[in-house]
Amino acid sequence: MKIIFCCTGTKPEPWLAGLRSALPGAEVEVWQPGAPQADHAVVWAPPQQFFDEQTALKGIFNIGAGVDALLKLKLPPKATVVRLDDAGMSVQMAEYVCHAVIRHFREFDAYEADIRAGKWSYRKPLERSDFPVGVMGLGVLGARVAQSLAQFDFPVVGWSRSAKTLAGVRCFAGAERFSDFLSATRILVNLLPLTPETRDIMRLQTLSQLQSGGYVINVARGAHLVDEDLLSLLDKGHLAGATLDVFRTEPLPGEHPFWHNPKITITPHTSARTLRDQSIAQIAGKIRCLEAGQPIVGVVDPVRGY
Ligand code: NAP
Ligand code: GLV
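Enquirer: Before we go on, may I ask you to explain the site of ligand 2 in this structure?
Expert: Taken together, Gly 64, Ala 65, Gly 66, Met 89, Arg 221 and His 269 make up the full set of residues adjacent to ligand 2. Contact distances for ligand 2 include 2.7 Å between an oxygen atom and a backbone N or O atom of Gly 66. Between an oxygen atom of ligand 2 and a side-chain N or O atom of His 269, the distance comes to 2.6 Å. Surface burial for ligand 2 is 86%, taken as the share of its 190 Å² of free accessible area covered by protein chains. Of the residues belonging to the shell around ligand 2, the class tally is two nonpolar, three polar and one charged.

Here's what the structure looks like:
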């Protein structure tokens, strides 16, 4: 069995060593133009030329959860596209989002500013019930995030395409319940995949439906958010702030207004990183299953887009 590795921006050697050790007997090589046909590919942001040449692939393993960039390419029609299914990401995402929600709710930025100014001051505790958190996308990551927030006794609502039952989370499903979900939300967390249906989903018309003093946490993809609409609602005071990990252009261009807006916290697309060893173990296990004709989870539906 031949496995080919084509991950832009990733040092290949540790991945090759890990895959070789997890799949003894497999030939694992880095792709070079003109390389022989492989059975499975491990990819991140490969060029179109890769798929134009590698037409015999049975499995394409994306080393991230989001496949929006991959699905823009013309892929071999018979290949099964597989995304990372958690592989250590959901706990990172839960840490990041809980941190952002709690930092806002407990006014830690204001306390920090006071302390820096030499002020020992108290603020009146805010009511948790006034800060319902809405999680868009209740998949592998969103469900873990929603349930982690519920552990802190925040009122939590969730929204997905198909109906869900999650302990501690009031779940809404489908486009027809989106407005109900938004109006029940003060802190909005985005964990949707980027698809034609979800692009620009956070825009003036939708963000205006959040409860007054709303807060936006975007940890999915930059193209879910219309930047100018967020800035305008922050200016008007309908929204109180935002924590953003993902952007339309990454790295965020130096002149972008998000860099210096005091109501916006930014991080460099780091909320849930690909963990190499867990990812290799998951991918190797799935390659073994595919080769044995057994079912696997995390298969992408190219029509649905996730
Ligand atoms: P997932 O398991 O596929 O979950 C996606 C969720 O979104 C599902 O609940 C799905 O509903 C829902 N959904 C999709 N389209 C919808 C629509 N049109 N309306 C309502 N709900 C919709 O994905 P995941 O593993 O949780 O990852 C989510 C995203 O996080 C990824 O696609 C990626 O873009 C992003 N991500 C970011 C980072 C980072 O570091 N910033 C790291 C990893 C992932 P159903 O359950 O009904 O299908
Ligand atoms: C990261 O953004 C991922 O999709 O895994």
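Enquirer: Got a minute to help me understand the site of ligand 1 in this structure?
Expert: Residues in close proximity to ligand 1 total 31 residues, the closest being Arg 83, Leu 141, Ser 162, Lys 164 and Tyr 306. With respect to ligand 1, the side chain of Ser 162 contributes an N or O atom lying 2.5 Å from an oxygen atom. Within the side chain of Lys 164, a nitrogen or oxygen atom sits 2.6 Å from an oxygen atom of ligand 1. In the complex, the protein chains occlude 93% of the 940 Å² of accessible area that ligand 1 would expose alone. Put simply, the parts of the chain that give the shell around ligand 1 at least two residues each are α3 (89-105), α5 (140-151) and β7 (156-160). Looking at the shell around ligand 1, its residues break down into 15 nonpolar, nine polar and seven charged. Of the domains in this structure, domain 1 (2-87 + 274-291) and domain 2 (89-266) are the two that each give at least three residues to the shell around ligand 1.

Enquirer: Can you walk me through unusual backbone geometry in this structure?
Expert: Peptide bonds are, in most cases, trans, and in most cases residues other than glycine have a negative phi. Residues Glu 250 and Pro 251 are joined by a peptide bond in cis, for which omega reads -5°. The topology assignment puts Pro 251 in the loop between β11 (239-244) and β12 (264-266). Within the chain, Ala 87 stands out as a residue other than glycine whose phi angle is a positive 50°. One non-glycine residue with positive phi stands out, namely Asp 200, at about 60°. Note that Asp 200 resides in the loop between β9 (187-190) and α7 (204-207).

Enquirer: Where do I start with the sheet that holds β11 in this structure?
Expert: Spatially, β8-β7-β6-β9-β10-β11-β12 is the arrangement adopted by the seven strands of the open sheet, whose pairing is parallel. The open sheet has two edge strands with one neighbour each: β8 (169-173) and β12. The mean angle between the axes of side-by-side strands here comes to 15°, regardless of whether they run parallel or antiparallel. With four bridges connecting them, strand β6 (residues 133-136) and β9 associate as parallel partners. Within β9, the residue paired with Val 133 across the bridge is Ile 187. Lying over the sheet, α5 contacts β6, β7, β8 and β9, oriented at roughly 170° with respect to β6.

Enquirer: Quick question: what am I supposed to make of the sheet that holds strand β4 (residues 59-62) here?
Expert: The pairing of strands in a sheet comes from backbone hydrogen bonds and takes either a parallel or an antiparallel form. Spatial ordering of the open sheet is given by β2-β1-β3-β4-β5, a layout of five strands whose pairing is parallel. Bordering the open sheet on either side are β2 (27-30) and β5 (80-82), each of which pairs with just one other strand. Neighbour-to-neighbour, the strand axes of this sheet turn through a mean angle of 20°, independent of strand direction. Pairing analysis gives three bridges linking β4 to β5, with the strands arranged parallel. Within β5, the position partnered with Gly 59 by the bridge is Thr 80. Contacts from helix α1 (residues 12-22) reach β1 (2-7), β2 and β3 (40-44) within the one sheet, and its direction differs from that of β2 by about 170°. Lying on the sheet, helix α9 (residues 276-291) is in contact with β1, β3, β4 and β5; it crosses β4 at an angle near 165°.

Enquirer: What's the story with α3 in this structure? I'm lost.
Expert: One turn of the α-helix equals 3.6 residues, which is why residues spaced by three or four share an orientation. Here α3 contains 17 residues, and its C-alpha end-to-end distance of 24 Å stays within 8% of the 24 Å for a straight helix at 1.5 Å per residue. Residues Met 89, Ser 90, Gln 92, Met 93, Ala 94, Tyr 96, Val 97, Cys 98, Ala 100, Val 101 and Phe 105 constitute the buried set of α3. Check the buried side of α3 and you find it contacts β6, α5, β9, β10 (214-218) and β11. Taken from the residues just after α3, Glu 107 is the one with a positive phi, measuring 55°.

Calculation notes
- Residues numbered from 1 in each chain as written.
- Chains lettered and ligands numbered in written order.
- Predicted model: local features only at pLDDT ≥ 70, side-chain atom pairs only at ≥ 80, totals over all residues.
- Heavy atoms only, no water.
- Near = heavy atom within 4 Å.
- Polar contact = N/O pair within 3.5 Å; in protein donor to acceptor, adjacent residues only side chain to side chain.
- Areas by Shrake-Rupley, 256 points an atom, 1.4 Å probe, with all protein chains shown as cover.
- Nonpolar A, V, L, I, M, F, W, Y, C, P; charged D, E, K, R; others polar.
- Helix = DSSP H or I, 4+ residues; strand = E, 2+ residues; numbered from the N terminus.
- Domains from an automatic or database assignment.
- Pairing = 2+ DSSP bridges.
- Axes fitted to C-alpha atoms, helices over the stretch in contact; angles between N-to-C directions.
- Contact = heavy atoms within 4.5 Å.
- Expected span 1.5 Å × (residues − 1).
- Buried < 20%, exposed > 50% of the residue type's maximum accessible area, 1.4 Å probe, protein only.

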